[in-house]
Amino acid sequence: MAQFVDWDLAAATAGALSKSGPRVSYTEATDVVSDLRRLTDEAAGHVADYTGLRSQVSHPPVRVVDRRDWAATNIAGLREVITPLVGRLTKDKQPGALTEAIGSRVTGVQAGTVLAYLSGRVLGQYEVFSADPGQLLLVAPNIVEVERKLGADPRDFRLWVCLHEVTHRTQFTAVPWMRAYFLSEVQAFVDASSSGGEHLLERLRRGVATLSDAVKDPESRTSVLDIVQTPGQRAVLDRLTALMTLLEGHAEFVMDGVGPQVVPSVDRIRAAFNRRREAGNPLEKAIRRLLGIEVKMRQYAEGRKFVHGVVDRVGMARFNKIFDSPLTLPRLEELGDPDAWVARVHGPVGPAPTAG
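Residues numbered from 1 in each chain as written. Predicted model: local features only at pLDDT ≥ 70, side-chain atom pairs only at ≥ 80, totals over all residues. Heavy atoms only, no water.

Under an unreviewed UniProt entry, the name given to the chain is Zinc-dependent metalloprotease, and the source organism is Micromonospora reichwaldensis.

Structure representation (structure tokens):
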């Protein structure tokens, strides 16, 4: 089978380039891990009570990881998804030995470089590629580093982060079809290429190279979205963007809804965290630009506003109909118009319930 990425080299590169994180003693590190595990369980109760969503499938316990472990887990997940897609695209035809060796090793170094950078930024993640139904990861060094930079109360900040990440776990475990739908859309994006497999692989390689270049060159002006060339791919990207905006906005809405009840310093944490998120250094701004008009930050803001608008109109219980099936998910154009989603899914509705 054609090798798109030298995954072993990607893992080695990510491990070599990942920074070690803030200085903590062995006792402090042990306490942080124990604290995050306990606060994850606490957050799960708060999220279930607030949203009315409860896991329908069993899931593994949270994994508290360092930066290298986070990168290694994501490489393993990507390998599980990308390898069979590449085989199907190329119909398992083998390229020339030199082409495969050089191409896969270059892409491996580039992928490792990107993941090394991201490993120092991510606080937590619900990783869905490696296994069903997924795995909740909390990156302990990053959480400690950010809470110190913000001057936040450690218990409050850690619980606040756990509320957000546990909401993502709930989205995938309380909605059993969500993971399969997400993965099917990723596959549909690949299938929507009107070019042959080799041409698509070259575009994917250019996309990885573009990410890698931006990590090393803050002046880069290229966007990964430049590889999206067909109308079919744009249609799939619209659906994926709508889905991710919903999931991110829902998590933000929940953490802000639960936060004041259980995190005494939530207002100060939110204000300081927003300033950090919006500012960023030149490299961070380059990454945002690279991903296309700061998509992730727009997802937080637009998604939270959409969820807030729907819950205001119909209440939490009727908002949860959004998770009934892929047909009830918001369309991209509905994210800025909650009334349109409500009308399509619920029809004419009266005033929202005063509770729930």
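Caption draft 1: Summary view of the packing of aromatic side chains. Applying the stated criterion to the full structure yields nine aromatic pairs. Judged by centre distance (6.4 Å) and plane angle (85°), the rings of Phe306 and Trp341 are edge-to-face. Here Trp341 lies in helix H13 (residues 338-346) and Phe306 lies in helix H12 (residues 295-319), a separation of 35 residues in the sequence. Summarising the burial analysis for this pair, Phe306 and Trp341 share the class buried. In textbook terms, an aromatic cluster arises when at least three aromatic residues are bridged by ring pairs, as seen for Phe157, Trp160 and Phe273. (Phe/Tyr/Trp six-rings, centres within 6.5 Å; stacked < 30°, edge-to-face > 60°. Helix = DSSP H or I, 4+ residues; strand = E, 2+ residues; numbered from the N terminus. Buried < 20%, exposed > 50% of the residue type's maximum accessible area, 1.4 Å probe, protein only.)

Caption draft 2: Representation of unusual backbone geometry within the structure. Put simply, Asp132 and Pro133 share a cis peptide bond, and its omega is 10°. Residue position: Pro133 is located in the loop between strand E2 (124-127) and strand E3 (135-139).

Caption draft 3: Broad picture of the environment of Gly232. Along the chain, Gly232 falls in helix H9 (residues 231-262). Sequence spacing of Gly232 and Ala188 is 44 residues, and the spatial spacing of their C-alpha atoms is 8.8 Å.

Caption draft 4: Region of interest: the packing of helix H2 (residues 26-51) against helix H6 (residues 154-173). Running from N to C, H2 and H6 cross one another at 55°; their axes reach a closest spacing of 8 Å. As far as their axial angle goes, H6 and H2 are oblique. For the pair H2 and H6, the crossing hand works out as right-handed. Touching Val32, Asp35, Leu36, Leu39, Thr40, Glu42, Ala43, Ala44, His46 and Val47 of H2 are Arg155, Arg158, Leu159, Cys162, Leu163, Val166, Thr167, Arg169 and Thr170, all from H6. In the contact of H2 with H6, the residues fall into 10 nonpolar, four polar and five charged. (Axes fitted to C-alpha atoms, helices over the stretch in contact; angles between N-to-C directions. Parallel < 35°, antiparallel > 145°, perpendicular 65-115°, else oblique. Left-handed = near helix turned anticlockwise from the far one by under 90°. Contact = heavy atoms within 4.5 Å. Nonpolar A, V, L, I, M, F, W, Y, C, P; charged D, E, K, R; others polar.)

Caption draft 5: Quick look at the pairing of E3. Where burial is concerned, most of E3 is hidden: five out of the five residues are buried. Neither face of E3 is exposed, since Gln135, Leu137 and Val139 on one face and Leu136 and Leu138 on the opposite face are all buried. In this structure, strand E1 (residues 63-65) lies alongside E3, joined through three bridges in parallel fashion. Bridging across to E3, Val64 finds its partner in Leu138. Sheet topology note: the E2/E3 ladder contains four bridges and is antiparallel. Bridge assignment links Gly124 to a residue of E3, and that residue is Leu138. (Pairing = 2+ DSSP bridges.)

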